[in-house]
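# Reading the structure
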Amino acid sequence: MIKNNSEASAEKKLFSVSTIQRRQFLQLTGASALAIGIIGCKKEETPSLTPYINTDNTVDFKDDTGLLNYIYALEQLEAAFYIKVAAGFPANFTDLQKKLFTDIKLQEIAHREFYKRFLGATGIGTLELDFSGIDFTDATSVLTAAKTFEDLGTAAYNDAIVRSKNDYNLVIFSQIASVEARHAAVVRNQIDVNLFADLNELAALGAVNADGLDVILSPDKVLAQASKYIKTKLNVINL
Amino acid sequence: MNILNILNEIEKVDGEIYERLSPRRSAMKDFLNVGKKISIAALPLALSSMLQKAYGQTAPNTAVIDALNLALVLEYMEFQFYNNALTVTPNLIPDADKPVITTLRDHEQAHINLLTKTITDLGGTAKAVMPYANFDYTKVNANVNTNYGTFLRTAVVLEDLGVRAYKGQAISLIGNNAVLSAAVRIHSVEARHSAQLRLMVNKLQVATLKQLRPWIGVRRNDDGTAVVPTTTNDSMIGALSPVYDKDSTVANSETKTMQAGMELTGINGFTEITVEPAAECFDEYLLTATVKTAANLFIKAAFQLT
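Only a predicted model underlies this, so the values are computations on that prediction, with no experimental measurement involved. (Residues numbered from 1 in each chain as written. Chains lettered and ligands numbered in written order. Predicted model: local features only at pLDDT ≥ 70, side-chain atom pairs only at ≥ 80, totals over all residues.)

### Regarding the overall build of chain B
In terms of regular secondary structure, chain B is built from eleven helices and two strands. Listed by position from the N terminus, the elements making up chain B come as α-α-α-α-α-α-α-α-α-β-β-α-α. Counting over 306 residues, chain B shows a buried share of 44%. For chain B, the proportion of contacts with a sequence separation of at least 24, taken over those separated by at least 6, is 64%. (Helix = DSSP H or I, 4+ residues; strand = E, 2+ residues; numbered from the N terminus. Buried ≥ 20, exposed ≤ 12 C-beta atoms within 10 Å, placed from the backbone. Contact = placed C-beta atoms within 7 Å.)

### Focus: the overall build of chain A
In terms of helices and strands, chain A carries eight helices and two strands. Along chain A, helices (α) and strands (β) appear in the sequence α-α-α-β-α-α-α-α-α-β when read from the amino end. Burial statistics for chain A: of 239 residues in total, 44% are counted as buried. Considering only contacts within chain A whose residues lie at least 6 apart along the sequence, 72% involve residues at least 24 apart.

### Overview of helix α6 (residues 139-163) of chain A
Structurally, the α-helix is built with 3.6 residues per turn, so residues lying three or four positions apart point the same way. Between its first and last C-alpha atoms α6(A) spans 35 Å; for 25 residues at 1.5 Å apiece the expected length is 36 Å, and the two agree. Of all 25 residues that make up α6(A), 18 are buried, and the element is covered over most of its length. (Expected span 1.5 Å × (residues − 1).)

### Details of the packing of helix α6 (residues 98-121) of chain B against helix α8 (residues 177-204) of chain B
All names here are of chain B. Interaxial distance between α6 and α8 falls to 11 Å at its minimum, and their mutual angle equals 165 degrees. Here α6 lies roughly antiparallel to α8, going by the angle between them. As for how α6 packs across α8, the hand of that crossing is left-handed. Counted together, Val 100, Leu 104, His 107, His 111, Leu 114 and Thr 118 of α6 and Val 179, Ala 182, Ile 186, Val 189, His 193 and Gln 196 of α8 form the full contact between these two elements. Residues of the contact of α6 with α8, tallied by class, amount to seven nonpolar, five polar and no charged. (Axes fitted to C-alpha atoms, helices over the stretch in contact; angles between N-to-C directions. Parallel < 35°, antiparallel > 145°, perpendicular 65-115°, else oblique. Left-handed = near helix turned anticlockwise from the far one by under 90°. Nonpolar A, V, L, I, M, F, W, Y, C, P; charged D, E, K, R; others polar.)

### As for the packing of helix α7 (residues 167-191) of chain A against helix α7 (residues 148-170) of chain B
The interhelical angle for the contact between α7(A) and α7(B), taken along N-to-C directions, is 160 degrees, at an axis separation of 10 Å. Between α7(A) and α7(B), the angle falls in the class roughly antiparallel. Where α7(A) crosses over α7(B), the two elements pack in a sense that is right-handed. Contacts from A:Leu170, A:Ser174, A:Gln175 and A:Ser178 in α7(A) reach B:Val163, B:Lys167 and B:Ala170 in α7(B). Of the residues belonging to the contact of α7(A) with α7(B), the class tally is three nonpolar, three polar and one charged.

### Digging into the confidence of the model for chain B
All names here are of chain B. Confidence in the prediction of chain B, expressed as mean pLDDT, is 85, and 79% of residues score 70 or more. In this model, residues 1-7 is a region of pLDDT below 50 whose contacts with residues beyond four sequence positions or in other chains number ten contacts. Overall, residues 17-57 carries pLDDT values under 50, and its contacts beyond four positions in sequence, including any with other chains, amount to 30 contacts. Under the prediction, the complex receives an ipTM of 0.83, its pTM being 0.82. (pLDDT = per-residue confidence, 0-100.)

### Topic: α8(B)
Residue and element names in this part refer to chain B. Its 28 residues place the ends of α8 41 Å apart at the C-alpha level, agreeing with the 40 Å of an ideal helix rising 1.5 Å per residue. Among the 28 residues that make up α8, 21 are buried, leaving the element largely enclosed by the rest of the structure. Gln 205 sits one or two residues past α8 and shows a positive phi near 50 degrees.

### Overview of unusual backbone geometry
All names here are of chain B. Non-glycine residue Met 236 carries a positive phi angle of around 65 degrees. Phi at Ala 260 is positive, roughly 50 degrees, even though this residue is not glycine. For Ala 260, the location among the structural elements is in the loop between β1 (258-259) and β2 (262-263).

### Remarks on the environment of B:Phe135
All names here are of chain B. Inspection of the secondary structure assignment puts Phe 135 in the loop between α6 and α7. The buried category is assigned to Phe 135, around which 21 C-beta atoms lie within 10 Å. Residues contacting Phe 135, with those up to four places away along its chain left out, are Met 77, Gln 80, Phe 298, Ile 299 and Lys 300.

### Observations concerning the environment of B:Lys127
All names here are of chain B. Note that Lys 127 resides in the loop between α6 and α7. On the basis of neighbour count, Lys 127 is assigned to the partly exposed category, with 19 C-beta atoms found within 10 Å. Taking the C-alpha atoms as reference points, Lys 127 and Ala 96, separated by 31 residues in sequence, lie 35 Å from one another. Lys 127 has contacts with Asn 69, Leu 72 and Val 73, leaving out every residue within four places of it along the chain.

Right, dumping it as structure tokens:
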């Protein structure tokens, strides 16, 4: 089922005119099959679009660009957090914990830089963040914060997969969602081995233990929880 | 009005029109051949009904049912594995680890129940329960029921396969948000399982797996150096490579470091992003055919997936 997966064509395809037209077309056909008469018989000129440049940290949820920018903001948050953790681990972190958290830091940096390049000029800028509520010398404080970020990240990704309009973005989100879930399990394991997938405890983020379902949370709810760490004003629209 | 012109125009905005019309290109060709014989007057109606099938939301959708049934087989495989250990060979599991294995077993049971109900609700037929006896869990080592390390390593492979399989089926579920939502939320639970089990294997510090990480990527030697990609996989069992390797036509091995046309190693000048994090930061999907090949490694001959 997965087609057009040529890696090289991804970037140019994502925000291309034809992709946008395709989305509109799919909406159109959903509404009425009669539309085929118009499409088939009357050929309209493709309007020339000026490439969009994001100058004011806009996260516009009218399409996947907003969704990608929203996830990019979360990845900036996670990367910055782990960079700060790894710059001076809490005194009682074990060697294994240092190794795991260093791994996570590097993966989050890779995610952040991936979105930065993927979004290009349509991306938000580098956000100013605020971790003043976290005591980076205290293992409990660090683990609690990491658990919050990873569970929230997993919930955001699961929602983004369902919300994405472009199947290429769906694949990308799904590829990272499981990595964030791995992080969440590992961080939780450091707090208590039996917390790794405690779906009862995660009910507030949308998990359903009886069905074995993980967290899922819409962008407005995620942003409400993440905003206290983000000082830069995000221009969130069409949510 | 020319049907081929219409399809060509649609193809410009929807490159997958032919796939939507029929998953089999040959069937599409058949239709076009039939089309030549249909009178001009009948064409708009025939095309309209064809597009309705391609873009409509009519259920039951066999692609969705097939995707869920494939997932169901993997859930049976995982459930029976954990349940057998808990009920038939309980001495295999250290007491301290029993709550974890119980959680894994219970999640898989919940997934089985949910998938079965979803398939039925969609008008499909759920794959019947596959008992323990249908499976062969000896691929890591025949001592799987007496050696806890083997047991955990086998569980890791089953969960790793589950994560990749759900990812691969997600595309088939586009357009059905309720089902897609359930699938992705099972998918991330399986990823949590995999990470947990990998940590447990790491804790045992068995030779060749001392540096096993909770994330999948380029394997590390026991001294911490990276192993040259594609020669070995995280299970250290060559026969299990279908679980970690690429699909036949897609470069999606778990060791890959290129995503969306971008090389992640050293991305944007970040030299600390070496091959290990570059491979670990993205998980890879697995397409249906390879999932079946990999699953069949754990299914006895008479019950294998075709």
